[in-house]
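# Architecture at a glance
The primary structure of each chain is shown beneath.
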Amino acid sequence: MMHFDIPDPIIDSTRQMFKELENDLRPSKIDLGIGIYRDEKGEAPVFKAVKKAEEILLKKKQKNFHPIILRPSTVNGFSPRLRLDVVVNIMTNLAYHNNKITVFGGDQLRPNIYIEDMIRAYLCVLEAPLHLVSGEIFNVGDENLTVNEIALSVKKIFKESRR
């Protein structure tokens, strides 16, 4: 067996942000891997830029332009360019390659939707009567599971598939 010394990567601004996020112990932090904080009502706010873009689009609604906004939760599932920063995909990768999943904490909630369900949501609004969807915003998600629940689900699928 050979071992190679790999130098530490240069810390860029994004990595530095993640490092600062890890060290932030405020209870209002929602650990989604990107550092979103709850407001005083306990709700996760929509990013200001997203909200502004939605407002601009909705104001442009007219006879021949019907904006429909979908806000997907975390989309997971197989793809040729698989995202390995999504908790379901991370755990599936660990289970497949290491036959083991390690969970830190576990009570954190993760909103998820499977890619095929997200596609159905897009098709649903595209095929719906305009008077029902034009100028509307839809939050699209399937499950809001804890990290522990996701881990148990992945474990069960791997256990059953290896029988």
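Note that the coordinates shown come from a computational prediction; the quantities given were computed from them, not determined experimentally. (Residues numbered from 1 in each chain as written. Predicted model: local features only at pLDDT ≥ 70, side-chain atom pairs only at ≥ 80, totals over all residues. Heavy atoms only, no water.)

With that settled, the discussion passes to the side chain of Ser134. As for its position among the elements, Ser134 is in the loop between helix H5 (130-133) and strand S6 (137-140). In contact with Ser134, other than residues within four places in its own chain, are Lys61, His66, Pro67 and Ile68. (Helix = DSSP H or I, 4+ residues; strand = E, 2+ residues; numbered from the N terminus. Contact = heavy atoms within 4.5 Å.)

Further remarks concern the pattern of salt bridges. Under the counting rule described, the total for this entry stands at two salt bridges. Where Arg71 meets Glu54, a salt bridge forms, and the shortest distance between an N and an O atom there is 2.7 Å. Taken together, the positions of Arg71 in strand S3 (residues 69-72) and Glu54 in helix H2 (residues 48-59) put the pair 17 residues apart, joining distant regions of the chain. On the basis of relative accessible area, Arg71 is assigned to the partly exposed category, the value being 21%. Note on Glu54: relative accessible area 7%, which makes it buried. Notably, a salt bridge pairs Arg120 with Asp117, separated by 2.3 Å at the nearest N-O pair. You can see Arg120 and its partner Asp117 sitting in helix H4 (residues 115-127), three residues apart, about one turn around the helix. Take Arg120: its relative accessible area is 48%, and that puts it in the partly exposed class. The class of Asp117 is partly exposed, set by a relative accessible area of 25%. (Salt bridge = Lys/Arg side-chain N within 4 Å of Asp/Glu carboxyl O. Buried < 20%, exposed > 50% of the residue type's maximum accessible area, 1.4 Å probe, protein only.)

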